[in-house]
Amino acid sequence: MQQRRDEILAKKAKLAELKRQRELRSTSATRQSIGGSSDLAAPTPSRGESRAEFDKYLESILDGGGKSRPTSTGPAGAGSPAGKGSRPNSVLSAGELSNENSEPSVSQPQPQTYSISTQTLSTVPLATVYECPPSPIKEVFSYSKGVQTTEEWGTQTSGPKAFEESDEDEGETPATSTPNKRLSRRERDREEELRENIRREIEEELKATRDLLTDGPVRPVAQTAAKFPARVLTTEELNAVTSSDDFMEFVERSSKVIERALDEEYDILADYALSGQNGIEDDDDEYGNTRGKGRRRVKEIAQFYDERWSKKRMISDINFSPKFSELVLAAYTKNPSAPHEPDGLVQVWNMHLHDRPEFVFHAQSDVLAAKFSPFHPNLIIGGCYSGQVLLWDTRAKSSPVQKTPLTGSGHTHPVYSVDIVGTQNANNIISCSTDGVVCGWTVDMLAQPQELLTLTTPPPAKTEDLSPTCMAFPQTDPTYFLIGSEEGTIFPCHRYDRAGAKAGVDQRVSYRGHAAPVMSIDFHPARGPVDLGDLVLSSSLDWSVKLWKVRAPAATSTTGITGESHSVTPILDFTREDVVYDAAWSPVKPGVFSLVDGAGNLEVWDITIDTEVPLAKVAPSGRKGGRSMMSKSLNKVAWEESEGKRVATGGIDGSLTVFEVGPDLGGKESARNEEWTSVKKLIARLESTSAIVQPLNVNGIHGTAL
Amino acid sequence: MQNSSSNFSQTLERLSSKPGVIASLVIDRSSNALLKSTGSFTFWNASTSTSTPTPAGNASSTNGIVPETSTADSGTSFATTILGYVASTSGLVRHMDSEDDLKLLRVRTKKHEIVIVPDPKFIFVVVHEVSA
């Protein structure tokens, strides 16, 4: 406010200066003209005076901007000087006199023009000027006589307002009609008065602005908005509104939208012509990782962690939504320091929403496995430490919409692996617990299993017990699967009896190679010109990842004749520097897979390029405030299936990190047919070598492979 | 109930702690009341608000006069203008298709972005800075 007042005062001072100069000029002119012709004297001296009048006039309009303001400055200023000034001048001309006593009519300009027309030519231009704004001036005078009403004042403003910008020039136009004045002292007094008036007016204006602010100034909008704060809600009312379901739902929905909008990284207004900053960013790695460069780059693009929900939990499973590629779920174990929070947790994160999960689902027990249903985008299945199999629905609340009973039929041991197999119209949830029980469920009814299978270790073992740690189905056959066991052997299993084999573990074949519990098995997601669906990748705590070529279930019946166990060895062995917790094939590149290990590294391999060293190795950036060394271990890795460009990983520290791989390691457009054939060739070579050389010598194979 | 309102304040908290977020407010349309506002409305030039109904966040006023007004006042004034803006825009939408409805408003200026989520009952507004 102070600032504004100062500015206006400065402006005012300048105006006053101008006026004074003009005044000086005009008074000198007046003196001359008085000496000469009285006819001319009438209009000329009045100029300065009337200019001042008009300036002030405009001033009040300009600053007030105000129509209906009840300020008295204008009329008062206009009235009093007129009355005073007229007296000495009244003698001078009939025009002035008539002006003074005039009825508010058109007659006023007439005598003027008349008298002027009788005068010399020099005054003619003045006459023409009068014609345009006669009415405002006239009215001013009629008011000076008596009544002052704000309305009339207001109507006048419309006229002069148009002249705002060029007030100095326009100021001349009404000049002659106002009575002139000679004494400069009085002039100055009046100026003081004007200044005072203006100041008062500005103050009033500011007050009005402030009043408008509180009262709700916007008239042109709808009536509802016109008086916006109808009233201030009381605390109870406020609580009532903010705790209503409607409101909660609204907040939930709208804040997600807003956060997505805020998190959106791409600026649709980006002007690439303006700056080069938005170009290719080739940030060199800051961790000293042997992170791939250029087309083999693996770049961290997002890290998800929720202060409330992710804290002190470990990530036990990760899965990308097959339908919405931006959604990725992470399953969590319990937070030991928060006994009142649900033990198990599944958070669905959105790549476009960084700071909070899109959905949070709860379970009463640690969730050890979770997966989006490939047949229904809203459904998520999960397996718990308690042995329960859960079903969540993204349209429902956070608790599971269905769950298997804790007791009786079903699992009584932790479920480390769940899957949905079958087709769109006929699919089953298959779950597998560590006591060797495999159950099949329908999605509609989890009260009891549709099928139940108890797996046992085939005969030549010391114990019959089999404790599966992981399970994998091939793409093509929902009745056949592999089980990774705690002892390190991988067993093929059948869901149903078939020719030559009973339901359960296939006794004739086993895949032996790992010396420690198998942590993951992954079938090759063959979706290319060459069928590689029989390639299986397994990871183990024995610091290795192994590549297997599994026999088709039909072929097994021919190889096994007597029921003697036939042991198959891996065709390729990737020895690592730490325990390997998970390994997963790329969904689009036939030779590419990724693995995560206990040291906290994510590695991306391509067996068509190198079977000895990973193409890229990268660790997720440490979360600030995260724990040290021990918290680095990564449990799971998952690829985004439709594009094959993003890899998500997470582990002990509970944060989910998503990486994007370069075009040589992922992405549909770059997958070439040669890669498929070269993988095929490599496998054929490896097979022939391993058939001859036993035990397998990995280095030797590598030499021949390349 | 307690949980839900704390949820609400948490949401607002998180929103306003995001980088670049200047202010946020929630308006109840049924009672015409300001339910909650956070942040500062210093960007809001209330003097221009009377003449220009558009929420021009940048101080593009010709005179550059910034009146001293309390945050609550400018928040209210801002909310009023937002209400008017939403009303006129939903009017526009209804002219296009009477069965259509306004879902989201994003106003980008050189310096700010205003994200408005209009709902039949409430309006959620967040103002944030646009990083260059």
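Residues numbered from 1 in each chain as written. Chains lettered and ligands numbered in written order. Predicted model: local features only at pLDDT ≥ 70, side-chain atom pairs only at ≥ 80, totals over all residues. Heavy atoms only, no water.

**Student:** What is the right way to read the overall build of chain A from this model?
**Tutor:** Helix and strand content of chain A: 17 helices and 30 strands. Expressed as a percentage of its 706 residues, the buried residues of chain A come to 51%. Taking as baseline every contact in chain A between residues at least 6 positions apart, the subset at least 24 positions apart corresponds to 59%. (Helix = DSSP H or I, 4+ residues; strand = E, 2+ residues; numbered from the N terminus. Buried < 20%, exposed > 50% of the residue type's maximum accessible area, 1.4 Å probe, protein only. Contact = heavy atoms within 4.5 Å.)

**Student:** Would you take a moment to explain the overall build of chain B for this structure?
**Tutor:** Of regular secondary structure, chain B possesses three helices and five strands. Helices and strands appear in chain B in the N-to-C order α-β-β-α-α-β-β-β. A buried classification covers 49% of the 132 residues belonging to chain B. Across chain B, the fraction of contacts at a sequence separation of at least 24, relative to all contacts at a separation of at least 6, is 48%. Of the roughly 6,400 Å² of accessible surface on chain B, 50% is carried by carbon and sulfur atoms. (Areas by Shrake-Rupley, 256 points an atom, 1.4 Å probe, with all protein chains shown as cover.)

**Student:** Please clarify how the sheet that holds strand S13 (residues 451-454) of chain A should be interpreted in this entry.
**Tutor:** Within a sheet, adjacent strands bond to each other through the backbone by hydrogen bonds, running parallel or antiparallel. Residues and elements named next belong to chain A. In spatial order, the strands read S10-S11-S12-S13; together these four strands make up an open sheet with antiparallel pairing. Pairing within the sheet leaves two strands with one partner each, and these edge strands are strand S10 (415-422) and S13. Taken pair by pair, the neighbouring strands of this sheet meet at an average axis angle of 20°, ignoring direction. Pairing between strand S12 (residues 437-442) and S13: four bridges, direction antiparallel. When the bridges of S13 are listed, Cys439 appears paired with Leu452. (Pairing = 2+ DSSP bridges. Axes fitted to C-alpha atoms, helices over the stretch in contact; angles between N-to-C directions.)

**Student:** So what exactly am I meant to see when it comes to the packing of aromatic side chains here?
**Tutor:** For the coordinates displayed, the defined rule picks out 15 aromatic pairs over all chains. When the centroid spacing of 5.9 Å and the interplanar angle of 75° are considered together, the rings of Trp585 of chain A and Phe593 of chain A count as edge-to-face. Of the two residues, Trp585 of chain A and Phe593 of chain A, neither departs from the other in class, the shared state being buried. Ring pairing ties together the aromatic residues Phe247 and Phe250 of chain A together with Phe8, Phe122 and Phe124 of chain B, which thus form one cluster. Of note, Lys256 of chain A hangs over the ring of Phe359 of chain A, and the distance from its end group to the ring centre comes to 4.8 Å. (Phe/Tyr/Trp six-rings, centres within 6.5 Å; stacked < 30°, edge-to-face > 60°. Lys NZ or Arg CZ within 6 Å of the ring centre and 35° of its normal.)

**Student:** What is the right way to read the sheet that holds strand S29 (residues 646-651) of chain A from this model?
**Tutor:** Residues and elements named next belong to chain A. Spatial ordering of the open sheet is given by S1-S30-S29-S28, a layout of four strands whose pairing is antiparallel. Edge strands, defined here as strands with exactly one partner in the open sheet, are strand S1 (298-304) and strand S28 (634-639). Across the sheet, the mean angle from the axis of one strand to that of its neighbour is 25°, orientation sign disregarded. In the sheet, S28 pairs with S29 via five bridges, with the strands oriented antiparallel. Each residue of the ladder has a partner; that of Val637, found in S29, is Thr649.

**Student:** What exactly am I supposed to notice about the confidence of the model for chain A here?
**Tutor:** Atomic detail in the predicted coordinates should be set aside for any region of low pLDDT. Residue and element names in this part refer to chain A. Averaged over every residue, the pLDDT of chain A is 74; the share at 70 or more is 65%. Scored below 50 in pLDDT, residues 33-46 makes 21 contacts in the model with residues more than four places away or belonging to other chains. Note that residues 154-179 has pLDDT below 50 and, in this model, 58 contacts with residues that lie over four places away or in other chains. (pLDDT = per-residue confidence, 0-100.)

**Student:** So what exactly am I meant to see when it comes to helix H14 (residues 245-263) of chain A here?
**Tutor:** Each α-helix turn comprises 3.6 residues. Residues three or four places apart therefore point the same way. Across its 19 residues, H14 of chain A extends 27 Å between first and last C-alpha, which sits within 8% of the 27 Å expected from 1.5 Å per residue. Turning to H14 of chain A, its buried residues are Phe247, Met248, Phe250, Val251, Ser254, Ser255, Lys256, Ile258, Glu259, Ala261, Leu262 and Asp263 of chain A. (Expected span 1.5 Å × (residues − 1).)

**Student:** Sorry, what's going on with the side chain of Gln388 of chain A here?
**Tutor:** Residue and element names in this part refer to chain A. For Gln388, the position within the fold is in the loop between strand S7 (379-384) and strand S8 (389-393). Given the relative accessible area of 5%, Gln388 is considered buried. Apart from residues no more than four positions distant in its own chain, Gln388 is found in contact with Gln364, Gly382, Gly383, Lys403, Thr404, Pro405, Leu406 and Val415.

**Student:** Is there a simple way to think about the pairing of strand S20 (residues 535-540) of chain A in this case?
**Tutor:** On a regular strand, each side chain points to the face opposite its neighbour's, so the side chains alternate between the two faces of the sheet. All names here are of chain A. Most of S20 is tucked away, with six of its six residues classed as buried. Neither face of S20 is left uncovered, since the one carrying Leu535, Leu537 and Ser539 and the one carrying Val536, Ser538 and Ser540 both have all their residues buried. Pairing of strand S19 (residues 518-523) with S20, which is carried by five bridges, proceeds in the antiparallel orientation. Paired with Ile521 across the two strands is Ser538, which belongs to S20. In this antiparallel pair of consecutive strands, S20 and strand S21 (residues 544-549), the connection spans three residues, and Trp543 shows a positive phi of 70°.

**Student:** Before we go on, may I ask you to explain the pattern of salt bridges in this structure?
**Tutor:** If the charged atoms of two oppositely charged side chains come close together, the side chains can form a pair. On inspection of all chains with the given rule, the structure shows 29 salt bridges over all chains. When the shortest N-O distance is used, the salt bridge between Lys121 of chain B and Asp246 of chain A registers 2.1 Å. Of this pair, Lys121 of chain B sits in the loop between strand S4 (112-118) and strand S5 (122-129) while Asp246 of chain A sits in helix H14, placing the two residues on different chains. Looking at Lys121 of chain B, the relative accessible area reads 39%, which means it is partly exposed. One salt bridge in this structure joins Lys18 of chain B and Asp355 of chain A, with 2.9 Å as the shortest N-O distance. One end of the pair, Lys18 of chain B, is in the loop between helix H1 (2-17) and strand S1 (21-28); the other, Asp355 of chain A, is in the loop between strand S4 (344-350) and strand S5 (359-363), on a second chain. Its relative accessible area of 5% is what places Lys18 of chain B among the buried residues. Residues joined in a network through salt bridges with shared partners are Glu252, Lys256, Glu259 and Arg356 of chain A together with Arg14 of chain B. (Salt bridge = Lys/Arg side-chain N within 4 Å of Asp/Glu carboxyl O.)

**Student:** What should I look at first to understand a nonpolar patch on the surface in this one?
**Tutor:** On the surface, Tyr266, Ile268, Leu269 and Tyr272 of chain A cluster together to form a nonpolar patch covering roughly 480 Å² of accessible area. Among the secondary structure elements, Leu269 of chain A is positioned in the loop between H14 and S1. (Patch = residues over 30% accessible without salt bridge, like charges linked within 9 Å, V, L, I, M, F, W, Y side chains within 5 Å.)

**Student:** Would you mind going over the confidence of the model for chain B with me for this structure?
**Tutor:** Residues and elements named next belong to chain B. Taken over all residues, the pLDDT of chain B has a mean of 76, while the share at 70 or more is 75%. Mean pLDDT per element in chain B: helix H2 (residues 46-49) is the minimum at 54, and S4 is the maximum at 90. Segment residues 49-69: pLDDT under 50, and 29 contacts once partners within four positions in sequence are set aside and those in other chains are kept. Taken over the whole predicted complex, pTM reads 0.63, whereas the ipTM for its chain interfaces reads 0.73.

**Student:** Explain the environment of Ile8 of chain A to me, please; I cannot follow it from the model alone.
**Tutor:** Residue position: Ile8 of chain A is located in helix H1 (residues 2-35). On a C-alpha basis, the gap between Ile8 of chain A and Ile202 of chain A in space is 8.5 Å, while along the polypeptide they are 194 residues apart.

**Student:** I would appreciate a short explanation of the state of the cysteines in the present structure.
**Tutor:** By definition, a disulfide is the covalent link that joins the sulfur atoms of two cysteine residues. All names here are of chain A. As enumerated under the stated definition, the model contains zero disulfides over all chains in all. No disulfide involves Cys470; its nearest neighbouring cysteine sulfur is the one of Cys432, lying 8.3 Å away. Free cysteine: Cys493, not disulfide-bonded; nearest cysteine sulfur from Cys432 at 8.1 Å. Assessed through its relative accessible area of 0%, Cys493 is described here as buried. (Disulfide = S-S within 2.5 Å.)

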